[in-house]
Amino acid sequence: MKELVIIGAGMAGVTAAQEARQLHSKEDLSITIITKETPPSYTRPQLTELLAGTIRENDVIFRDENWFKERDIQLIYPAQATGIDVLEQKVYYTFQGSQKECPYHALILATGANAFAPIVPDATSPAADTVFSLRTLEDVHKIRQHLAMKRRKAAVLGGGLLGLEAALALKSTGVEEVHVLEASGYLLNRQLNRTASEMLRLYLERQEGLDIHTGVHLDTNELKSRSVEEVLRPICKDGVETLLYSMGVRSRIHLAKEAGLACGKGIIINEETATSNPWIFAAGDCAEFQGITWAIIPSALEQGKKAAEFACWHLFTEGQQSKPEAYQQTIPRTTITIGRREAVSTGKAVLSVEEENSGLWKNHELGSPLKRGQPKDGDLYVNLVENVETGRIVGALSFGPRGSSVPWFSKLQQMMGKSWQEIESSGLGGVR
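Attention in this report is confined to the structure presented alongside it. (Residues numbered from 1 in each chain as written. Predicted model: local features only at pLDDT ≥ 70, side-chain atom pairs only at ≥ 80, totals over all residues. Heavy atoms only, no water.)

**Overview of the sheet that holds strand β7 (residues 106-109)**
What counts, and what does not: Here, any two strands with at least 2 DSSP bridges between them count as paired. Helical segments are the DSSP runs of H or I of at least four residues, strand segments are the runs of E of at least two, and each set is numbered from the N terminus. Angles shown run from 0 to 180 degrees and are taken between the N-to-C directions of axes, each axis being a line fitted to C-alpha atoms and, for helices, limited to the stretch in contact. Contacts: residue pairs with any heavy atoms within 4.5 Å of one another.
Here five strands make up an open sheet; going across it, the order is β3-β2-β1-β7-β16 and the pairing parallel. Because the sheet does not close on itself, it has two edges, and the strands there are β3 (73-76) and β16 (280-282). Averaged over all pairs of adjacent strands, the angle between strand axes in this sheet comes to 20°, irrespective of strand direction. Pairing geometry for strand β1 (residues 2-7) and β7, over four bridges, is parallel. Opposite I7, over in β7, you have L109 as the bridge partner. Sheet contacts for helix α1 (residues 11-23): β1, β2 (29-34), β3 and β7; angle to β2, the most-contacted strand, approximately 170°.

Given below as structure tokens:
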């Protein structure tokens, strides 16, 4: 019998286990998952909803214990993987206070990522117990416990998608005043252009009651010796009781590094999702392919499936009719929902400042609400990006109330590759 070991029970790890079991029965393949989480498998993207109180803790469970038992997948938790012996092909871990080992024929690393926290104040700092991240169920519990006594004013450092969701969640819990601090010149500068971002900012301030600050560069080192209220006073005035980091994630690669595997920002994988060791694979937030660590659900699902396929193909080469298709770079379709607003984009939808000034690209705004004055609650905004050299549309973005923007996706797809003149004459450019 072959032994497949998976470290991590997030979406990548569980998807890998599910695919491996579909490929081989328990008589041929033993599958073991080692994870430090309790509960072992839950969906992190829903943690902001849990914090907001719109869902219950059971709703974030991805796979319960019965799911693993029904598929004869051994689940070891809460257990901390501490090392990998690549020569002896063993994983070392601590479980119930004891050091244990687990042999493998193939290993899949789905170790995920940690929230980036530049400074975590220690117990001697005036900022102790007032600075948080939101990445785990334990984080949700800590924040809720803190907010039970401190609901006057909070700040979120980071105006990305998760930061804005976290800010809305804090507002939903009853925090009276919530500030969002973003380093760049406008919100979601990788997903939205300036016009759509300004519409989003106006919505968040008017309808959701958030205070948005852009161009903020906070020296978090000050939190070593000063309180959150003191550090944020120049931006948010007095009374800030809570600071929540939302500054992206960093792949968990320490196990792979210590085992001598090639790492960059993540654990480097090839088109077979194999690491620099042919019997060790990686998938999800910890994996880096062609220089990119996506840390998004589509890549976790795609890489998890491919890791299982290739691990099993190498373990059972003689029984396989054909080699699995190679993993191709994940190409996400961007769909963003924040509160009662949503955006969809395709192709080269957002230009950098340098690209906007190069003269090589041209924006076509369809009925821009900001040009007419203050946007109304039901306004829809659409922007097309034209390659000036070819005269063809290479990117499109729509932004509006929830439910109004997504139906535009198929229409945006039709616009791709057409000329602006074709779009105008065909009526595709019409915006209600």
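Past the structure itself, the notes keep going.
**Digging into the packing of α1 against helix α9 (residues 297-315)**
What counts is decided by this rule: Rotating anticlockwise by less than a right angle from the far helix to the near helix defines a left-handed crossing, while the corresponding clockwise rotation defines a right-handed one. Amino acid classes used here: Ala, Val, Leu, Ile, Met, Phe, Trp, Tyr, Cys and Pro are nonpolar; Asp, Glu, Lys and Arg are charged; the rest, including Gly, are polar.
Remark: α1 packs on α9, axes separated minimally by 7 Å, with the N-to-C direction vectors making an angle of 35°. In this structure, α1 meets α9 at a crossing whose hand is right-handed. For the pair α1 and α9, contact is made by M11, A12, T15, A16, E19, A20 and L23 and by I297, A300, L301, G304, K305, A308, E309 and C312, respectively. The residue makeup of the contact of α1 with α9, split by class, is 10 nonpolar, two polar and three charged.

**A look at the pairing of strand β10 (residues 153-157)**
Rule in force here: Only protein chains enter the calculation, and the probe is 1.4 Å; a residue is then buried if its accessible area is under 20% of its type maximum, exposed if over 50%, and partly exposed in between. By convention, a crossover is right-handed whenever its connection, traced from the first strand over the helix to the second and viewed with the strands pointing away, goes clockwise.
By the criterion of burial, β10 is predominantly enclosed, with five of the five residues buried. Taking every second residue as pointing to the same face, both faces of β10 are buried, with K153, A155 and L157 on one and A154 and V156 on the other. Bridge analysis of β10 against strand β11 (residues 177-182) gives five bridges, and the strand direction is parallel. Residue pairing in the sheet places A155 in a bridge with H179 of β11. Handedness of the crossover joining β10 and β11 through helix α5 (residues 161-172) is recorded here as right-handed.

**Structural notes on helix α4 (residues 137-147)**
L137, D139, V140, I143, H146 and L147 are the residues of α4 that are buried. Residues of α4 that are buried sit in contact with α2 (47-52), β9 (131-133), α5 and β13 (242-245).

On their own, these measurements won't tell you what the molecule is for.
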